[in-house]
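Breakdown of the fold
Listed here are the chains, written in short residue letters.
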Amino acid sequence: MKSTRRGFLRGTVVGATALGTSCADPLHTEKSLAPSDAPPGADRVRVETEVNGEPRHLEVGPDDSALHAVREQLDLTGCKHGCGHGACGACTMQLDGTPVATCLLPATSLHGRSVTTVEGVARGESLAAVQRAFMAEDGLQCGYCTPGFIVEADAFVRDWRSAHGTKEPSRDEVAAALSGHLCRCGAYEGIYRAVQGACAGRYDSGTRSPRYDAREKVTGAAKYTVDVKLPGMLHAKALHSPHGSATITKLDWSKALALPGVRGAVDLMHGSKTIRWASQEIMAVAAVDEETATKALALVEIEYDVAPALVTMDEARAADAPLVYGTRASRKPKNMPNSSEGAPPLRFPWDGNTRGPMTLFSKRGGKAKRAIEAARAGEGTLVEDTWLTQPQVHTTLEPHAAVAHWPSANALRVHLSTQAVRVCAEDLAEHFDLDRDAVTVVADYIGAGFGGKGKLESEAIVAATLAKVCGAPVRYVLDRREEIMLGGHRPQTELRLAAALDADGALTGITAKAYSNQGAAIGHAVTPLIRIIYPEVPKDLEDYDVLTHGPPGKPFRGPGGPQAYWALEQTIDALAHARGEDPLQMRHRFDPNPARQPLYGWAEALDVWKNRPAPGSERGRHRRGVGLAFGAWFAFCEPKTHMQIQTSATGVVVSTASQDMGNGTRTIIADTVAEQLGMQPSDIIVKIGNSNLVPGPTSAGSRTVSSVVPACVAACDLLKEELFEDAKDRLGLRGAVPSVKGIEHEGGIVTWAKLVESSPAVTVVGRRPRDKGGYFLFPVGGLAIEKYISACIQIVEIEVDTRLGKTRATQAWGGYSIGRIVSPELARSQAMGGILQAVSYALYEERRLAPQRGYALTGGMEDYRIMGISDAPKMHLHFHEDGYETVPQRSIGVGEIVTVAPAAAIGNAMFNATGWRPKVLPIRPDRVLEGVSA
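Small disclaimer: the values here were computed from a predicted structure and weren't measured. Throughout, a residue's number is its position along its own chain's written sequence, starting from 1. Local features in this predicted model are restricted to residues whose pLDDT is 70 or higher, and side-chain atom pairs enter the listing and the counts only when it is 80 or higher, whereas totals over whole chains, interfaces and linings include all residues. Processing note: side-chain calculations cover all non-hydrogen atoms of the structure and skip hydrogens and water entirely.

A few words on the overall build of the protein. Under the DSSP-based scheme used, a helix requires at least four consecutive residues in state H or I and a strand at least two consecutive residues in state E, with every element numbered from the N terminus. Helix and strand counts for the protein come out as 24 helices and 36 strands. Each radius of gyration is computed over the set of C-alpha atoms, and the globule rule expresses the reference value as 2.2 Å times the number of residues to the power 0.38. Here the protein has a C-alpha radius of gyration of 28 Å; the compact-globule value for 934 residues is 30 Å, and the two agree. Structurally, the protein occupies a C-alpha span of about 90 × 85 × 60 Å along its principal axes. Counting all 934 residues of the protein, 63% fall into the buried class. When the accessible area of the protein is evaluated, it comes to approximately 33,200 Å², of which 50% is carbon and sulfur surface. The convention is simple: Lys and Arg are positive, Asp and Glu are negative, and His and the chain ends are not counted. The atom standing in for a charge is NZ when the residue is Lys, CZ when it is Arg, CG when it is Asp and CD when it is Glu. Between the centroid of the 102 positive side chains of the protein and the centroid of its 106 negative side chains there is a distance of 3 Å. The buried label goes to any residue with under 20% of its type's maximum accessible area, the exposed label to any with over 50%, and the partly exposed label to all in between, with areas taken from a 1.4 Å probe on protein chains only. Here, Shrake-Rupley sampling with a 1.4 Å probe gives the accessible areas, and only protein chains in the shown set may cover a residue.

With that settled, consider the sheet that holds strand E30 (residues 742-745). At least two DSSP bridges between two strands are needed for those strands to be called paired. Taken in spatial order, the 3 strands make up an open sheet running E29-E30-E31, and their pairing is antiparallel. A single partner strand is all that each edge strand has here, and the edge strands are strand E29 (737-738) and strand E31 (748-751). Bridging between E30 and E31 involves 4 bridges; their strand directions are antiparallel. Pairing of isoleucine 743 across the sheet is with valine 750, part of E31.

Lines fitted to C-alpha atoms define the axes here, with helix axes fitted over just the stretch in contact, and angles between the N-to-C directions of these axes take values from 0 to 180 degrees. Running from N to C, helix H2 (residues 129-136) and helix H5 (residues 188-199) point in directions that differ by 140°, and their axes come no closer than 8 Å. By the criterion of interaxial angle, the relationship of H2 to H5 is oblique. H5 is crossed by H2, and the crossing has right-handed handedness. On the side of H2, the interface is formed by Ala129, Val130, Ala133 and Phe134, while H5 contributes Ile191, Ala194, Val195 and Ala198. Class assignment for the residues of the contact of H2 with H5 results in 8 nonpolar, no polar and no charged. Any angle between 65 and 115 degrees counts as roughly perpendicular, while under 35 counts as roughly parallel, over 145 as roughly antiparallel, and the rest as oblique. What makes a crossing left-handed is the near helix being turned counterclockwise from the far one by less than a right angle; a clockwise turn instead makes it right-handed. It only takes one pair of heavy atoms within 4.5 Å for two residues to be counted as in contact. For this classification, Asp, Glu, Lys and Arg are treated as charged, while Ala, Val, Leu, Ile, Met, Phe, Trp, Tyr, Cys and Pro are nonpolar and the rest, including Gly, are polar.

Here the focus is the packing of aromatic side chains. Aromatic rings from Phe, Tyr and Trp, with only the six-membered ring used for Trp, were paired whenever their centres fell within 6.5 Å, and each pair was classed as stacked if the ring planes differed by under 30 degrees, edge-to-face if by over 60, and tilted otherwise. Within this structure, the stated rule accounts for 15 aromatic pairs. Judged by centre distance (5.5 Å) and plane angle (70°), the rings of tyrosine 600 and phenylalanine 630 are edge-to-face. In this pair, tyrosine 600 is assigned in helix H17 (residues 597-604) and phenylalanine 630 in strand E25 (residues 622-637), connecting sequence segments 30 residues apart. Residues tyrosine 600 and phenylalanine 630 agree in their burial class; the two are buried.

Our focus in this paragraph is the nonpolar core. Note that soluble globular proteins tend to have their nonpolar side chains buried in a common cluster. We call a set of buried residues a nonpolar core when its members are Ala, Val, Leu, Ile, Met, Phe, Trp, Tyr or Cys and they connect through side-chain atoms within 4.5 Å of each other. Among the nonpolar cores identified, the biggest contains 173 residues, and Phe134, Tyr188, Val195, Leu507 and Tyr816 are the most heavily contacted of them. If you tally residues by element for this core, the top one is strand E34 (residues 783-801), at 10 residues. The residues contacting tyrosine 816, other than those within four sequence positions of it, are Leu599, Ala791, Cys792, Gln794, Ala831, Ile835, Leu877, His878, Phe879, His880, Ile897 and Val898. Formed by 41 residues, the second largest nonpolar core is a distinct cluster that contains Ala404, Ala425, Leu428 and Tyr476.

The omega torsion across glycine 356 and proline 357 is 10°, close enough to zero to call that bond cis. Residue position: proline 357 is located in strand E14 (residues 354-358). Backbone torsion omega between leucine 921 and proline 922 reads -5°, so that peptide bond is classified as cis. Tracing the chain through its elements places proline 922 in the loop between helix H23 (902-914) and helix H24 (925-933). Phi is positive for histidine 270, which is not a glycine, with a value near 55°. Of note in the backbone geometry, arginine 364 takes a positive phi value of approximately 50° without being a glycine. Topologically, arginine 364 is positioned in the loop between E14 and helix H10 (365-376).

Looking now at the environment of arginine 621. Among the structural elements, arginine 621 can be located in the loop between helix H18 (607-610) and E25. Given a relative accessible area of 30%, arginine 621 falls into the partly exposed group. A sequence separation of 183 residues divides arginine 621 from leucine 804, and the C-alpha atoms of the two residues are 9.0 Å apart. The contact partners of arginine 621, leaving out residues within four places of it in the chain, are Val800, Asp801, Thr802, Arg803 and Leu804. Of note is the side chain of arginine 621, whose polar atom sits 2.9 Å from the side chain of aspartate 801. For this analysis, a polar contact is any N or O atom pair within 3.5 Å, provided that within protein one partner can donate a hydrogen and the other can accept it, and provided that sequence-adjacent residues contribute only side-chain to side-chain pairs.

What follows deals with empty space enclosed by the protein. The way it works is a 1 Å grid over only the protein atoms, where trapped points that fit a 1.4 Å probe form a cavity and open points with protein on both sides within 12 Å along at least five of seven lines form a pocket, and then any residue with an atom within 4 Å of a point lines it. Grid points are joined across faces, edges and corners, and a volume is the space filled by probe spheres set on the points. The tally for this structure, following the rule as stated, stands at 5 cavities of 30 Å³ or more. A volume near 480 Å³ is recorded for the largest cavity. Along the walls of the largest cavity sit 36 residues, with Asn663, Ser702, Gln830, Val894 and Gly895 positioned nearest its centre. Of all the secondary-structure elements, those providing two or more residues to the lining of the largest cavity are helix H20 (704-730) and helix H22 (824-843). Per-element tally for the lining of the largest cavity: the top contributor is H22, with 3 residues. When grouped by side-chain class, the residues that make up the lining of the largest cavity number 16 nonpolar, 15 polar and 5 charged.

Looking now at the pairing of strand E3 (residues 54-60). Both strand E2 (residues 45-51) and E3 contribute to a ladder of 7 bridges, which runs antiparallel. Pairing of valine 47 across the sheet is with leucine 58, part of E3. Linking E2 back to E3 in an antiparallel pair, the connection comprises 2 residues, with asparagine 52 at a positive phi of about 50°.

A separate point is the environment of leucine 310. Within the element layout of this structure, leucine 310 appears in the loop between strand E12 (301-306) and helix H9 (313-317). Assessed through its relative accessible area of 7%, leucine 310 is described here as buried. Separated by 209 residues in the primary sequence, leucine 310 and glycine 519 place their C-alpha atoms 9.2 Å from one another. Ignoring anything within four residues of it in the chain, the contact list for leucine 310 reads Glu315, Ala316, Ala321, Pro322, Val324, Asn353, Thr548, His549 and Gly550.

Let us look at helix H1 (residues 66-74). Among all positions of H1, only Ala66, Leu67, Ala69, Val70, Arg71 and Leu74 are buried. Where H1 is buried, its residues meet E2, E3 and strand E4 (92-95). Directly after H1, the chain includes aspartate 75, whose backbone phi takes a positive value near 55°.

Across the sheet, which stays open at both edges, the 7 strands sit in the order E9-E11-E7-E20-E17-E18-E19 with mixed pairing between neighbours. At either end of the open sheet lies a strand with only one pairing partner, and these are strand E9 (262-267) and strand E19 (439-442). Neighbouring strand axes in the sheet, compared pairwise and without regard to direction, differ in orientation by 20° on average. Bridging between strand E17 (residues 401-408) and strand E20 (residues 474-477) involves 4 bridges; their strand directions are antiparallel. Pairing of alanine 401 across the sheet is with valine 477, part of E20. In this fold helix H11 (residues 421-431) packs onto strand E18 (411-416) and E19, with an angle of close to 145° to the strand it touches most, E19. In the packing of helix H12 (residues 458-470) onto the sheet, contacts are made with strand E7 (234-240), E9, strand E11 (281-287), E17, E18 and E20, and the angle to E17 comes to roughly 35°.

Across a regular strand the side chains alternate sides, sitting on one face of the sheet and then on the other. Extensive coverage of E7 is indicated by the burial of 7 of its 7 residues. Side chains Leu234, Ala236, Ala238 and His240 project from E7 onto one buried face, and the interleaved His235, Lys237 and Leu239 project onto a second face that is buried too. When E7 meets E20, the two strands line up parallel, connected through 2 bridges. The residue bridging histidine 235 from the neighbouring strand is arginine 475, located in E20. As paired strands, E7 and E11 are joined by 6 bridges and run antiparallel to one another. The partner of leucine 239 across the bridge, within E11, is methionine 283.

In this structure, proline 779 sits in strand E33 (residues 777-780). For proline 779, a relative accessible area of 22% gives the class partly exposed. The spacing of proline 779 and alanine 425 is 354 residues in sequence and 20 Å in space, taken between C-alpha atoms. Those residues in contact with proline 779 that lie beyond four places of it in its chain are Pro639 and Ala784.

Another aspect to go through is the pattern of salt bridges. The term salt bridge refers to a pairing of a side-chain nitrogen on Lys or Arg with a carboxyl oxygen on Asp or Glu at a separation within 4 Å. Considering all chains together, one arrives at 52 salt bridges under this definition. A salt bridge links arginine 703 to glutamate 638, with the nearest nitrogen and oxygen atoms 2.9 Å apart. Of the two residues, arginine 703 sits in the loop between strand E28 (684-687) and H20 while glutamate 638 sits in the loop between E25 and strand E26 (642-648), which places them 65 residues apart along the sequence. Since its relative accessible area comes to 8%, arginine 703 is described here as buried. Using a relative accessible area of 5% as the deciding quantity, one classes glutamate 638 as buried. Taken together, the shared-partner salt bridges connect Asp314, Arg317, Glu494 and Arg496 into one network.

Right, dumping it as C-alpha cells:
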C-alpha cells in the first residue's frame with residue numbers, strides 16, 4: 001500500500017544506533033540558513049496584565065497559551081507544561097484568585113486580569129502556609145508537578161480558612177479540591193497531610209523539611225531541562241512515521257529548509273529506508289521557534305510503501321508473519337533497542353519474530369518439570385494458568401528533553417533530563433568522537449524517570465547534531481503524545497506458569513515461560529524475579545522476546561517484578577486455598593529468605609489480616625477483600641562511586657556525578673555527611689547533576705543509597721584524618737585521640753563541626769569500599785550484584801462494586817526488609833509512591849495501539865489513565881532495619897521492592913472478595929463484571 005504524508009509530528013525514536021550527518025541526495029544535505037529570514041510577527045497583539053502583583057505586558061499571537069506566554073516572555077518557569085490538555089494540572093496559575101489550567105487558556109484572556117504563578121504565592125520573603133506544609137510533610141518527590149499543586153492548594157486553603165477557620169478538611173474534601181492534578185511519583189499521602197495541616201493552621205510559621213531541595217521545588221525556583229533557555233536557542237521538531245511497518249520511497253525536505261526561520265535539518269534514519277515502529281524518527285528541523293519548526297515539517301514531502309504492522313504477540317508469532325528484523329545484521333543485539341536494566345546484550349536463537357529462550361536462571365529444571373508432571377498425574381496439588389499483563393508507560397510529567405550547544409568545535413554541553421549524567425556524557429563522547437572531558441551533561445533537576453531515562457536517548461543526539469549543524473544551541477522536547485509513545489513502557493507479558501505441591505504441602509517445582517512484547521526492542525526478562533524468591537525450589541524458567549512493530553520498551557521501576565509476581569504470587573495463593581491453608585503460613589514454610597523472616601510476625605499481627613473475610617463469603621453490591629503477596633529484589637551497587645568533600649571558611653561542599661530525579665539523592669548525601677560530621681544537613685552544600693564531577697551512580701535499580709552512602713562515609717573518614725593531623729599540632733592538643741564526635745584530648749573535645757570551621761581548606765575524595773566477602777556477581781558495566789535479596793510482604797484491602805465493576809484500593813500495608821534507613825521520611829515517601837504506581841498499574845493503566853498501524857490510541861493523559869489523588873488508598877508502612885551486615889553501611893534502597901508485589905496482592909484480594917481470580921491486567925470494570933458473574 002502506498003501512502004503520502006506531509007508533516008506527521010508524533011513520536012520519537014528510542015535507542016537509535018546513529019543519526020545521519022551527511023547524505024548523497026542533495027535534498028537531504030544538512031543546511032544552516034542565515035538568521036535574517038525569521039518570520040515576522042504581524043498577527044501579534046499587546047496584552048496588559050498584572051503578574052504576581054506587578055504590571056506586565058505580553059506580545060502574543062492568537063494561538064499562544066497563557067502558559068507559553070508567561071514562561072517564555074516573563075521567564076516565570078515554575079508552572080510547567082505537562083499534558084497540554086488540561087488533565088495534569090502542572091500548568092495551574094491563579095487568574096483573579098481562581099486556579100485555571102493555563103495550557104488551555106488563550107494568552108489574550110490575561111488582558112486586564114491578575115495572574116499569580118507559583119513564584120508569587122509566597123508573601124514577600126515569607127513562604128505561604130501551603131508551601132511550608134508541602135515541605136514539612138514531604139508532599140513532593142521530583143517536584144515537577146508541585147507548583148501546580150501549590151497554586152491550587154493555596155487558593156483552596158485561603159477559601160477554606162475564610163469559611164471554616166482552622167477546622168481540618170476531610171480527605172474527600174481535599175481530593176475534590178485537587179482532583180485536576182496528577183503526581184506520577186505518587187506523593188499523594190504527603191499532599192493530603194500538607195493541605196489538611198495548612199487548613200488547620202499548623203504551618204503558619206516554620207520551614208522545616210526532611211527533603212534537602214524542597215524549598216526550590218515549592219517556590220518554582222528549581223530549574224528543569226525544559227526550563228533551560230540559552231541565548232540564540234533554536235527549537236527542534238522531528239518528523240515521525242505514522243506507520244509501524246513501511247519503507248520510505250520518497251523524502252524531500254527542501255521546501256522545509258526554504259521556510260523563513262528554519263536554520264537546519266538532519267537525517268535521523270542514517271541512510272536506512274525501513275520503518276520498524278510507529279512514530280520512528282525520520283528527520284528533524286531546527287527553527288527560531290516551535291511554531292516555525294512545526295510549519296516546516298508540514299512542508300516535508302514523504303511517501304511510504306506501507307505494510308500491515310504486527311501489533312500483538314499472536315500476530316508476531318504467526319507462522320506467516322513478516323519479520324520485524326529481517327536481516328542477520330539487523331538482528332545483532334548491539335544494533336537493536338534494549339529494554340534491560342543495563343544488562344549486556346546476549347545472543348539467543350531466533351524463531352521468526354521470537355527470540356529465546358533465555359534459561360540462565362533455571363535451577364534443577366528437569367526436577368521441576370518432573371514435579372509438575374507428577375502433580376498433573378494426581379500426585380499432589382497443581383495450579384497452572386496463563387497470566388497476561390499490559391504495557392505500562394512511564395509518562396513522566398517532565399518529558400524527555402535536551403538542550404545542547406557547542407562552546408567550541410571540540411566541546412559539547414548538554415542539559416538533559418536523565419537518570420545517568422555520567423553514562424550519557426561517556427556515550428555522547430563516543431558518539432561524536434570527542435574526548436570524554438570535552439563533554440558535559442547537566443541535570444540540575446529531573447521531572448522523574450522510573451527507568452525510562454536511564455540511558456542515552458535520541459533527544460540528546462538530535463539536539464547536539466542540530467546544534468552542530470546550525471552553530472547555535474538547540475532545544476528538543478517531546479510532546480505528551482510522543483512521550484507516551486516513545487518515552488518508554490513496561491513491556492506486556494504472557495506468562496505460562498505452573499507450580500506443584502506434594503502430598504505433604506512442600507513446594508516441589510515451578511515452571512514458567514514468559515513471552516515479552518516490548519515492541520521492536522529486546523532484552524526484557526521476567527524469570528529472574530521468579531528465581532530469587534523461594535530460591536531452593538526447583539525451577540524451569542524460560543524468557544522469550546516477541547518482536548512487534550510497537551515502540552521499544554524500556555526498564556520500568558522493578559523491571560520484570562510486577563509481571564513475575566502477578567502470576568507467581570496468585571499461583572501460590574491458589575495453592576494455599578486448594579489445601580485449605582493460610583496463605584501467609586504456607587509461604588513461611590518454604591521461604592528461607594532471612595530478610596523476610598522478621599516480617600512474618602509483623603504481618604500475622606495485623607488486624608486486617610487476622611480479620612479478613614473468608615474467600616467469596618462477602619455478599620451484596622460492595623464487597624471487601626484482603627490479599628497478600630511477597631516480593632523480592634536484587635541488591636545492586638556501583639563499586640566505583642566516589643564522593644568529593646571540600647571544606648573552607650564558607651562551608652562544606654559535597655559532590656559526585658549523580659543526579660536526583662525525586663529519589664532524594666541530595667538529601668541522602670546531606671544527611672549522611674551531616675551525621676558523620678555532627679552538623680545539620682542544611683549546613684552541607686550538595687553538588688550533583690554534572691558529569692564532570694567525580695564518578696557517581698546512575699539513579700536506577702535501587703542502587704543510589706547502596707552506592708553513595710558508603711562513599712560519603714569513606715570521604716568523611718578521610719576528611720577526619722586530615723582534620724586530626726592538622727589540629728593536633730596546630731592547636732597543640734595533648735593526648736589527642738579521634739572519636740565519633742571529634743578529637744578528644746586532655747582539655748576536653750573539639751567537635752568535627754568546629755574543626756571544619758577553623759581548619760585550613762581541605763579536599764578529599766572517598767570511594768565506596770568493597771563489600772565484605774565480595775559480590776554475588778563481578779561488576780558488569782560498573783554495576784555489581786551484592787550477596788543479598790531484599791524482601792517485602794504486601795497486603796492490600798479493596799472494595800469491589802459488583803454492579804459497576806469498579807475496584808478501589810482502600811488501604812495498603814507494606815513490610816520491607818532493606819537494611820538501615822538513611823533518610824526515614826524520604827524512604828516512606830518513596831515506598832508510598834511505589835505502592836501507588838503499582839496500584840495504578842493493576843487497576844487503571846493500559847496503553848492501546850491501533851490495529852495494523854501500531855500507533856497509540858491512548859495518546860494523552862486524558863485517555864491514558866493514571867492514578868489521581870482520590871484513588872490513593874491509605875498506606876501503612878513497616879521497615880525492618882536489621883541484617884545486610886556485609887554491605888557497607890547496611891543500606892540497599894527502597895525504590896524497586898515497593899512496586900513489585902501490590903498488583904498480585906490486589907489479584908488475591910479480588911479472589912478473597914468475590915471468589916473470582918483475575919488473570920489479565922488491568923483489572924478493568926468489564927473484566928470484573930464478566931468474572932464475578934461467571
